[in-house]
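Each chain is listed here by its residues.
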Amino acid sequence: MDKPVVLVVSADASVKPEDVIGRVRKAPATEGTVVLADGLAGHCYHIRTKYYETDVVFCGWPGGKELGEVPEAILKQMEGVLIYFDARDRDFLKRLPEYAAFVTEADIEFGILLCAELQEEADQGITYREAKKFCNVLDVIELDPTGGGETVGEEDDGEAAGVDELVQALHNFIWSNVDMHRKAGGAGGGGGAEAGKEDETTDGAGEEDPEDERRIEEELMGFEKLLTQVMQFRPNTSSWTRNERLAYAQEFAEFFDELIGEEE
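Residues numbered from 1 in each chain as written. Predicted model: local features only at pLDDT ≥ 70, side-chain atom pairs only at ≥ 80, totals over all residues. Heavy atoms only, no water.

As recorded by an unreviewed UniProt entry, the protein chain carries the name Alpha- and gamma-adaptin-binding protein p34 and is attributed to Culex pipiens.

Now the structure itself:
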């Protein structure tokens, strides 16, 4: 399966897409690179969480090119868009509807606006309220917050901020090629003494245990319920903000974890 592509765009001439990518990957630009359609460079990024691991590819979009020129091959793999802007440049607000339309038309669920820091007043630049105008398709993250704006308190509440918040968002999103983990000691845990005991109790048994049949039936019903919810995830959450979708996705992950835990 092709790796999901995250397109990185910069509307700030002083910041290159590769600068943003480098802050997330924390690795040399020449490390883990691949060639994408039309010779564009891709930068691999490995994500590992409690529930899954996967690889995505950041693709820096050249400045001066319109989003309508993104190659079809990349559009097919694209699952995320990061758009960096200068919060002191109010002209960016004129292009914001265009970016929101691109994310919507490309059916992208992971869309985030990035900047160094939003402004407190409109006469200073773009405020948090203005940047959140299209929050149903484009969330906003400040990469270098100083704690003086409307987003004050996030760090005090123990939540990630700055680049860490962006990394957390990338890790919380459920990408299309995820490899789900099981809890330690599960099917991939090698078994050990407990597995040996289970073998002793089941080895040579000639009949199915009714209790086992009931348990298996309950597990199948649980997985069927989870699958139904996953299939309905996109239509049910299309108008939600990123944080609302992430909270809902977290419920999926916890439910999945409970199902797996019941088997062990």
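J.: Let's hear about the overall build of the protein chain: which residues, and what values?
T.: Scanning the protein chain from N- to C-terminus turns up nine helices and eight strands. Here the protein chain, with 264 residues, has 40% of them falling under the buried criterion. Carbon and sulfur atoms make up 48% of the accessible area of the protein chain, which amounts to about 15,000 Å² in all. (Helix = DSSP H or I, 4+ residues; strand = E, 2+ residues; numbered from the N terminus. Buried < 20%, exposed > 50% of the residue type's maximum accessible area, 1.4 Å probe, protein only. Areas by Shrake-Rupley, 256 points an atom, 1.4 Å probe, with all protein chains shown as cover.)

J.: Lay out the confidence of the model for the protein chain with the relevant residues and their values.
T.: One rule of thumb: low pLDDT means the predicted coordinates there are not for detailed reading. Considering every residue of the protein chain, the mean pLDDT works out to 79; 64% of them sit at 70 or more. Note on residues 148-154: pLDDT under 50 across the span, and twelve contacts to partners over four residues away in sequence or across chains. Overall, residues 183-205 carries pLDDT values under 50, and its contacts beyond four positions in sequence, including any with other chains, amount to seven contacts. (pLDDT = per-residue confidence, 0-100. Contact = heavy atoms within 4.5 Å.)

J.: Provide a residue-level description of the side chain of Gln 119, including the pertinent values.
T.: Inspection of the secondary structure puts Gln 119 in the loop between strand E6 (110-115) and helix H4 (128-131). A distance of 3.4 Å separates a polar atom in the side chain of Gln 119 from the backbone oxygen of Glu 117. (Polar contact = N/O pair within 3.5 Å; in protein donor to acceptor, adjacent residues only side chain to side chain.)

J.: Give me the pairing of strand E7 (residues 139-142): which residues, what numbers.
T.: Burial along E7 is two-sided: Asp 139 and Ile 141 facing one way and Val 140 and Glu 142 facing the other are all buried. Of the pairings in the sheet, the one linking E6 to E7 comprises four bridges and is parallel in character. If you follow Ile 112 over to E7, its bridge partner there is Asp 139. (Pairing = 2+ DSSP bridges.)

J.: Talk me through helix H1 (residues 17-25); I want residue IDs and the actual numbers.
T.: Structurally, the α-helix is built with 3.6 residues per turn, so residues lying three or four positions apart point the same way. Taken together, the buried positions of H1 are occupied by Pro 17, Val 20, Ile 21, Val 24 and Arg 25. Down the axis of H1, the sector holding all buried residues measures 125 degrees, keeping them to one side. Against the buried residues of H1 lie strand E1 (5-10), strand E3 (41-48), strand E4 (52-60), strand E5 (78-84), E6 and helix H5 (163-172). Remark: Lys 26 follows H1 within two positions and exhibits a positive phi of approximately 55 degrees. (Arc of directions from axis to C-beta.)

J.: Go over unusual backbone geometry with me, naming the residues and quoting the values.
T.: With a phi angle near 55 degrees, Lys 26 is a residue other than glycine that sits in the positive phi range. Using a relative accessible area of 62% as the deciding quantity, one classes Lys 26 as exposed. In the Ramachandran plot, Asp 38 falls in the positive-phi region, its phi being about 60 degrees despite a non-glycine side chain. Structurally, Asp 38 can be placed in the loop between strand E2 (33-35) and E3.

J.: Give me the lowdown on the nonpolar core, citing residues and values where you can.
T.: Counting residues in each nonpolar core, the largest one holds 31 residues, and the members touching the most others are Leu 7 and Leu 138. Listing elements by their share of this core, those giving two or more residues are E1, E4, E5, helix H3 (92-105) and E6. For this core, the element with the highest residue contribution is H3, accounting for six residues. Here Leu 138 is in contact with Ile 83, Leu 96, Tyr 99, Ala 100, Val 103, Gly 111, Ile 112 and Leu 113, once residues within four sequence places are set aside. Core analysis: the second largest hydrophobic core is formed by 25 residues, Val 6, Phe 110, Leu 143 and Val 163 among them. (Core = buried A, V, L, I, M, F, W, Y, C linked by side-chain atoms within 4.5 Å.)

J.: Kindly report on the pattern of salt bridges, identifying the contributing residues and their values.
T.: Enumeration over the complete set of coordinates arrives at eight salt bridges. Of the charged contacts, one joins Arg 48 and Glu 53 as a salt bridge, the two residues approaching to 2.8 Å between their closest N and O atoms. Residue Lys 94 is joined to Asp 91 by a salt bridge in which the shortest nitrogen-to-oxygen separation is 3.6 Å. Taking the relative accessible area as the measure of exposure, Lys 94 reaches 67% and is therefore exposed. When its relative accessible area of 47% is taken as the criterion, Asp 91 is described as partly exposed. A cluster of three or more residues bridged by salt bridges with shared partners is formed by Glu 66, Arg 95 and Glu 98. (Salt bridge = Lys/Arg side-chain N within 4 Å of Asp/Glu carboxyl O.)

J.: Please provide a residue-by-residue account of the environment of Val 8, values included.
T.: With respect to the helices, strands and loops of the structure, Val 8 is situated in strand E1. Assessed through its relative accessible area of 1%, Val 8 is described here as buried. Setting aside residues up to four positions removed in sequence, Val 8 forms contacts with Pro 17, Val 20, Ile 21, Phe 58, Cys 59, Gly 60, Trp 61 and Leu 82.

J.: Could you give me a rundown of the packing of aromatic side chains, with the residues and numbers involved?
T.: When we look at a pair of aromatic rings, we describe it by the centre distance and by the angle of the planes. By the definition in use, this model includes six aromatic pairs. Judged by centre distance (5.5 Å) and plane angle (35 degrees), the rings of Tyr 45 and Phe 58 are tilted. Pair noted here: Tyr 45 is in strand E3 and Phe 58 is in strand E4, with a separation of 13 residues, a long-range link. Residue classification places Tyr 45 among the buried residues on the basis of a relative accessible area of 9%. In this structure Phe 58 comes out as buried when scored by relative accessible area, which is 1%. Relative to Phe 92, the ring of Phe 85 lies with its centre 4.5 Å away and its plane at 5 degrees, an arrangement referred to as stacked. According to the relative accessible area criterion, Phe 85 is buried, its value standing at 0%. Classification of Phe 92 by relative accessible area gives buried; the value is 5%. An aromatic cluster is present here, built from Phe 85, Phe 92 and Tyr 99 joined pairwise through their rings. (Phe/Tyr/Trp six-rings, centres within 6.5 Å; stacked < 30°, edge-to-face > 60°.)

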